[in-house]
Each structure stands twice: as C-alpha cells, then as structure tokens.
Amino acid sequence: MAIRNKTVLSVTLLAFLVFPLVSWAQEKADDAEKDADQKEEKKESVVDNEVELGLYYLSDDSFRYGKYSGLTDEGVYALVDFKLEKRPAWNSGDLTRWRFQGWRAGLNSRRFVFDFSQQGKQRFRFDYRQIPNNRFSNGLTPYMGLGGDELRMPVGWEIAEGSNNTRGFINLDDYLRPYEIKTDRKSITLDYDLKISESWDMAIGFRHENRDGVRNTFGIIGSNMTSTRSAELIAPVNWQTDNLNLMFNYSNGRARFGIGMYASFFNNDDTALQFQNAFGKVGNWEKGVAYPDGFGQMALEPENSYVQFKAYGGFVFNARTRLTADLSWGTMKQDDAFLPYTINPALRVREDLPRLDADAKIDTLFFSTRLTSRLTKRLNLVVNYRYDDRDNKTPREAYRYIGGDSEDQKPTAESRINLPYSYTRHTADALLNWSVARGFSLKGGVEWNDYSRDYAEVEDSNEWAWLAGARLASWENLSASLDYRHSDRDVDEYIGNLPFQESYLPGVLPEDAFQNHPLQRKYNLTDRERDEWRFRLDWFPTREFNIGVTGSNWTDDYDEGYFGLNEAEAYSWSVDFGYRPAEKVFLSFFYTHENWDASQSNRQIFSFDPDTILREDRNWFADSEDEVDTFNFHAGVENLGAQENFTFGFDYTYSYVESVVNVTGGDFIETAPLPALKNKLRTWVVYGQMDINERSAVTLRAESGKLTVDDFALDHVTQDTMTNILSLGQPTQDYDLWLISASWKYLF
C-alpha cells in the first residue's frame, strides 16, 4: 500500500543526503588553496579521543533485570564505550567540528552517533540505536510453530471425552515447553541541516526502524459468555517503520515562518495469525469447530501510512508583543485486504464481505496560535488557542460476522456496522503574571475546553477552569511557590445506548435496547469537578546545604446516582536535600510518597434479562488504593589520596508499591478480599575510580539488585488454572543478583 508514495519520498531523501556530500567535497576543493595560504596563521584543531574497555559480570539469569539493557544471562559481557571528537581551537578560524561516539558497544542495547557540523553552514547527524524489550522467559505453551503465523497443537494432543475446558487436557504437561517473549528494535536516524542563505535554512530527517521478535496475544473461539474459550498465543513481530521530515525555514529578525511535511509508513511482514483450537466441543459450537478440526484466525497490525503538511509563522510587533501560529493538515490511510469471515470450512457463509478492505481514511487538521505581551512593566499576558479536528472518512458497512470462528454466519438482522469515530476539539487559555515586587509574583488565568464527538454517548462537552498561583524568591536562600486550579466539566445529555444502537441496522433494535446499564457513565464523558494544588519550597541555609519540599493533590468528584467512577484522589509529597560537609565530600537524599485512591460502582446485569437492571442487590462497589514509597541516598568522596586521584561513592535506592482493591456488593453478589499487589525493589551501588595519570583511569563498580513481586494474577497461576483459558502461566520475575564491572579508560 502507498508504495509509490514511499518510493518517491525515499528517492527525495537520498537526493538530499547526497547533496551535502557533494557540497562538502566542493567546499574542500575550493578551500584547499586558502587553507594552504593560512596554515601558518592558524592554530591546530583539538582532537579528543576517549575509549573505555572492560567487562561486565552478571551473577544470575534475569530477563526482567536486563529488560532494556540486554544483560539477561549469567556470565561475562564486553564493556566498550568510546568517543572520537575533533573540536576547532577557538582562534583557529576552523568552523568544522565532528564527533563519533558509542555506548554499550558490547551489548545488544548499543548506540552509535556521528555528528558533523560546519558552523553557520551545515550539519549532518547519524544515530543508530538498538533497544531490546525482554518481557519474560518463564512462560510455557504446548503450541508448535512459535514465531510463525500458524500455531498447531502437538501430534498426540489428548482431550478427555466430553470435556470442553482446560480440565480435560490429559497430557498438557507432556508438551509444555518454554519460550521467550521479546522483541529487538533497531533504528537508524539521519538528519541534515543546511544554511541556504542569510534568511533561509533547510532541515531534513529520515528514520528507519525494524522491530523483530514475538509478543503474546489471545485467540478466541466462541461468541458469548458461556461458549467462549481462549488461548494465550505467541504472535510474530516483523515490523518496519519509516519516518521522513522536511522543513524550510525563513527568519529576518522580526518575522519567521516555515513550511514542510512529515510522512510515516508502517509495514508488517505478517498479516494474520492462525491457531488450532485446543478445546473440546462446547454445546453451541457447530461441528468441526472443536479440536482437532477447528481453527481460528486473527488479523495482525495492518500496514498504514500518514502524510502531513505543516506550516508555522511568527511576528514580533514590538519589544513587548509577539504572535506565533502553527498549522498542519494530514491524512491517515489503511487499506489492507480483509481476512475472510472464517477459515473454518465447516461453517456456513451465506454472504461475502461487503467490501475487500476497510479503505480507512482519517483527515487531521490542527491549528494553534500564541500571543505573548508585556502589558506594563510588571504585568505579562499569555493567550493560547488550539483547534484539533479528526475527520474519519472510513466507509460504514454492515458485516454479517461469524462469532469467534464457532458458528454459522449471523442473520442479516444481526449484522454489525462499524463506527468511524471523529472528534473536534477547541482549547483556549489566558494567563496573567503580575510582578508585585522584586522576587514576588502572582498569576491568574482561565482555561476552556470544548470537545465534540461522533458515535459517542455524549455529543459535546465543555470544561472551564480557573487557576491562581504565587511565587516568592525575594531572599537569597529561600524560594517558594503555590498553585491552585479548579475545573468544572459539563456534558450534554448522556445517551448510554447510542453507540450500541448505531452499530445495528436501523429498526432492528427496540429504542430502549441497551448493552451497558442505563445508569453507567464513562468517566471521561460525564460531569466532573476537579480541584488540584501544588507547592514547592527550597531553602539554602548555607552554601553547603540545601533542602527542598514539594507536594501536590488533586480530587475528582462525579455526579451522584450513577455507576462508574464515582470519585478519585491522588496526592504526593517529597523531601530532598544536598550537603557538602567537607570540600571533597558530597551527600544527597530524597524521599517521595505517592497515594492514589478511587471508588467505582456498577450493577451486574444480563442483557437477555432486562429485569436485572432494577435489582439493587446486584450492585457492587470497588475501592482501590495504590501507595508508592521511594527513597534514595547517595554519598561520594572525590580527589582522595596524596595525588588526589581517587573517587569513591555509594548509592542506595529503595522503592515499595502496594495496591489494595476492596470489593463489596449486595446480597446477590458474592465477594472475597483480593490479595494485595506488592512490588519491592532494592538497589545499592558501590563505585570507585582511580586516575593512573592525566590520560588513563581504572573504574570498578558493583551493583546489587533485588526485586520481589507479589501478584495474585500471576503467582501460582499455571497454564490450566483458568478453566476456559489456556495461558502461558508465567509467574512474576523476581531477582536477587549482582552486576560487577571493571574498566580502563584512556584519553588520546
């Protein structure tokens, strides 16, 4: 899809990348004679080279510890960092500068950057990154063909006669085998800036990214509460993304503007994932759906593109007032071919798909402007306005679907229609800042937000907010600030069954047909009042000591009498200090506490039993609380010894998270306490560096890390614990290990 557009843009990119190379070569030839004449008058440019070589040692295997670093297996790894840099001497007249730097070259989280610039003329930058995402390695699955686009049960898979859940998997344990869930992302970024003239410059950038590996997902067979069976699957990841930026900029002092474009193309080598049904026959499944004949198929991420054209401008009216604006228009497209309703030949398909692909298209339009003005010597004004429009032009069609590859095609009256969501959003704000006296200022402002949506329970919502604040910095050793904001969101009539009704053919459903309880409200589509405040205090009693205290709080209050999120509150506070008890000794400390509370409610209902909407004994309530405590202490000593060539330090970090959910209910609802979710991380580091001479040093670093997680959703949950779901059964990934590194650094 859109391959032709992508090819044109790629050729354009190559042309722009060749241009600077030719330009550099030409300048080199033109300047050769000049350089020879001035050689005697110039100072030599400075070349700084640095290399660090050493080893890492990891004491134990841990996928979680090395999630993004690549340090996952016990053993030894190469430590390789380097920097090659040429900087012109300040009085040389040389305008050329370059830097080539590498980090973690011995790991699969490596990065290399090359930066070349000629001051006032041009700049080129190359950036290569490799980022692993090691999710977990302790899951088990019986499926064969992992990493591909077709998963099958092993030959010899047995199900107890008459069974239709995981309890009937007779030889599950015989076929379980481990598989690592991970991806590896590699990206190359190229940027080039060119000074075209005194007023014009150009910037072009290109980024190519490959992401390979596997991820976990779920495949479903069945279509309702009683017939659905699910399996946690391993899906392939073979993604490529290309991004292109191009901008032309103009500036003449008082006025500036620019025009350009942005393009993004996503490609996926795999279009679908097929999987064999592992379960025995459920009562209302058609013949040929259960194991071994039944298969399911699910679409993977579709290829898509986005092209955007943009412009900006700014004008300085005088020394007090300036205006800026940004405008962009773009189009998203996705036209991958639809998969068939089912790949199960035993199921009856009476009517083909209404179209071959979604022909999905979304037009985006964004505009923003900002006015800043110094009204008086002590009074400043800032006004902002933003317009954001998403126009979804995807065609609507009625689809006679097949429920989870388990039944014949639905009758025409049960067809479902896609809902192309669109929205338009206006936001504006104005802020006044008054400098009352030297070191003391007040601010006040107002904000407005208007949000209109298609195919949503609420057509339009408005939110007004006002804010006020004060800042004190009148003393050399003390500063403080306090801010408060109140907002009030008001929405139009809430029609809870509107999206449900719009997804069926006209006249099929009764007007009062519902899917969710009529009193249920989505938290982002209902009336709400919010109050929030924050403060910061910094004190410097001496030059050697400083202390800071911060705090924040916000509370949300929703209308009474409805189900959904009823109220929410979050607060945090922290304290930090730094201290130098002696010239060569430094200490620092911080502690942060965060708390998140929420209360929600609902009623258990059945759509086929309308009387349940009136049963208050089916009400349930959930109160959740999340607490996070984080502590850090650091101590260091520098320039020790007779030659002042030794540095030593210690760092300790402790973090504890606890989440508690308390569920209660009416007489019909059976509830039991849920175990608390706990996460405890402790890390401490000891490091030292000794300078051998001005050009070399040795460094030793030891890190101890311990992670303990209690999660009832993962711990002691095996592949067949849930009767209707075949899971990977991965437990939490605790670790208790050491990472030790030793290296030699040399400057040349």
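Our subject is the structure that appears above.
Figured I'd write up the structure that's included with this text.

The rules we used
- Residues numbered from 1 in each chain as written.
- Predicted model: local features only at pLDDT ≥ 70, side-chain atom pairs only at ≥ 80, totals over all residues.
- Heavy atoms only, no water.
- Helix = DSSP H or I, 4+ residues; strand = E, 2+ residues; numbered from the N terminus.
- Buried < 20%, exposed > 50% of the residue type's maximum accessible area, 1.4 Å probe, protein only.
- Contact = heavy atoms within 4.5 Å.
- Areas by Shrake-Rupley, 256 points an atom, 1.4 Å probe, with all protein chains shown as cover.
- Lys, Arg positive; Asp, Glu negative; His and termini not counted.
- Charge placed at Lys NZ, Arg CZ, Asp CG, Glu CD.
- Core = buried A, V, L, I, M, F, W, Y, C linked by side-chain atoms within 4.5 Å.
- Pairing = 2+ DSSP bridges.
- Patch = residues over 30% accessible without salt bridge, like charges linked within 9 Å, V, L, I, M, F, W, Y side chains within 5 Å.
- Salt bridge = Lys/Arg side-chain N within 4 Å of Asp/Glu carboxyl O.
- Polar contact = N/O pair within 3.5 Å; in protein donor to acceptor, adjacent residues only side chain to side chain.
- Phe/Tyr/Trp six-rings, centres within 6.5 Å; stacked < 30°, edge-to-face > 60°.
- Lys NZ or Arg CZ within 6 Å of the ring centre and 35° of its normal.

### Here we look at the overall build of the protein chain
- Each helix and strand in the protein chain was counted, giving three helices and 33 strands.
- A principal-axis box enclosing the C-alpha atoms of the protein chain has dimensions of 90 × 65 × 60 Å.
- The buried share among the 748 residues of the protein chain stands at 38%.
- For the protein chain, the proportion of contacts with a sequence separation of at least 24, taken over those separated by at least 6, is 65%.
- Element-wise, carbon and sulfur atoms account for 54% of the exposed surface of the protein chain, whose accessible area totals about 41,000 Å².
- One finds the centroid of the 82 positive side-chain charges in the protein chain at a distance of 7 Å from the centroid of its 116 negative side-chain charges.

### As for the nonpolar core
- Counting 32 residues, the largest nonpolar core has Tyr143, Leu233, Ala278 and Leu726 as the members making the most contacts within it.
- Those elements that provide at least two residues to this core are strand E8 (200-221), strand E9 (229-251) and strand E11 (272-276).
- Considering every element that reaches this core, the biggest residue donor is E9, with four residues.

### Examining the pairing of strand E29 (residues 646-665)
- Sheet topology note: the strand E28 (residues 619-640)/E29 ladder contains 19 bridges and is antiparallel. Bridge assignment links aspartate 629 to a residue of E29, and that residue is tyrosine 656.
- Counted between consecutive antiparallel strands, the loop separating E28 from E29 contains five residues, among which glycine 641 sits at a positive phi close to 90°.
- Summarising the sheet, E29 and strand E30 (residues 677-691) pair through 14 bridges and their orientation is antiparallel. The residue bridging glutamate 658 from the neighbouring strand is lysine 678, located in E30.

### Here's the deal with the pairing of strand E3 (residues 96-103)
- Both strand E2 (residues 75-87) and E3 contribute to a ladder of five bridges, which runs antiparallel. Bridge assignment links phenylalanine 82 to a residue of E3, and that residue is glycine 102.
- By the bridge criterion, eight bridges tie E3 to strand E4 (residues 111-118) in an arrangement that is antiparallel. For arginine 99, the partnering residue across the bridge sits in E4 and is aspartate 115.

### Thoughts on a nonpolar patch on the surface
- On the surface, a nonpolar cluster with roughly 640 Å² of combined accessible area is contributed by Leu53, Leu640, Phe646, Phe648, Met690, Ile692, Val698 and Trp744.
- Relative to the elements of secondary structure, valine 698 occurs in strand E31 (residues 696-710).

### Some points on the environment of glycine 139
- Position of glycine 139 relative to the elements: it lies in strand E5 (residues 122-141).
- When the C-alpha atoms of glycine 139 and tyrosine 65 are compared, they prove to be 17 Å apart, with 74 residues separating the residues in sequence.
- Setting aside residues no more than four positions away along its own chain, glycine 139 makes contact with Arg177, Pro178, Tyr179, Leu728 and Gln730.

### Remarks on the side chain of glutamine 409
- Structurally, glutamine 409 can be placed in the loop between strand E17 (398-399) and strand E18 (416-417).
- Among the polar contacts made by the side chain of glutamine 409, one reaches the main-chain amide nitrogen of glutamate 351 at a distance of 2.8 Å.
- Ignoring sequence-local partners within four residues, the contact set of glutamine 409 consists of Tyr341, Arg348, Val349, Arg350, Glu351, Arg400, Tyr401 and Ile402.

### Re unusual backbone geometry
- For the peptide bond that leads from tyrosine 291 to proline 292, omega is 10°, which places it in the cis range.
- Summarising the element assignment, proline 292 is placed in the loop between E11 and strand E12 (295-299).
- One non-glycine residue, aspartate 405, lies in positive phi territory at about 50°.
- Tracing the sequence through the fold places aspartate 405 in the loop between E17 and E18.
- One non-glycine residue, asparagine 639, adopts positive backbone phi at about 55°.
- By secondary structure assignment, the location of asparagine 639 is in strand E28.
- Under the relative-accessibility criterion, asparagine 639 is labelled partly exposed at 35%.

### Quick notes on the environment of threonine 723
- By the secondary structure assignment, threonine 723 is in the loop between E31 and strand E32 (725-726).
- Residues threonine 723 and glycine 168, 555 residues apart in the sequence, show an inter-C-alpha distance of 9.3 Å.
- If sequence neighbours within four positions are ignored, threonine 723 has contacts with Asn165, Thr166, Arg167 and Phe279.

### Observations concerning the sheet that holds E11
- One open sheet holds the three strands; their spatial order is E6-E11-E12, and the pairing between them is mixed. Pairing within the sheet leaves two strands with one partner each, and these edge strands are strand E6 (150-151) and E12.
- In this sheet, E12 lies alongside E11 in antiparallel orientation, the contact comprising five bridges. The residue bridging leucine 273 from the neighbouring strand is methionine 298, located in E12.

### Re the side chain of arginine 400
- Assignment of secondary structure puts arginine 400 in the loop between E17 and E18.
- The buried category is assigned to arginine 400, whose relative accessible area is 9%.
- In terms of polar contacts, arginine 400 uses its side chain to reach the side chain of glutamate 351, at 3.3 Å.
- When neighbours within four sequence positions are excluded, arginine 400 is seen to be in contact with Tyr341, Arg350, Glu351, Gln409, Lys410, Pro411, Thr412 and Ser415.

### Points about the pattern of salt bridges
- Going through the model one piece at a time under the given rule, you end up with 34 salt bridges.
- A salt bridge links glutamate 85 to lysine 83; the shortest N-O distance between them is 3.8 Å.
- A residue is classified by how much of its surface remains accessible, and glutamate 85, at 9% relative accessible area, is buried.
- Its salt-bridge partner being arginine 615, residue aspartate 617 comes within 3.0 Å of it at the nearest N-O pair.
- Counted as one network, the salt bridges with shared partners bring together Arg111, Asp115, Arg123, Arg125, Asp127 and Arg129.

### What about the packing of aromatic side chains?
- Applying the stated criterion across every chain, the model contains 30 aromatic pairs.
- Aromatic rings pair up to connect Phe545, Phe577, Tyr579, Phe589, Phe631 and Tyr652 into one cluster.
- Sitting over the face of the ring of phenylalanine 668, arginine 615 holds its NZ or CZ atom 5.5 Å from the ring centroid.

### Comments concerning the environment of histidine 517
- Residue position: histidine 517 is located in the loop between helix H3 (498-502) and strand E23 (520-521).
- Residues histidine 517 and threonine 612, spaced 95 residues apart in sequence, show a C-alpha to C-alpha distance of 9.5 Å.
- Among all residues touching histidine 517, those that are not within four sequence positions of it are Phe563, Asn602, Arg603, Ile605 and Ile613.

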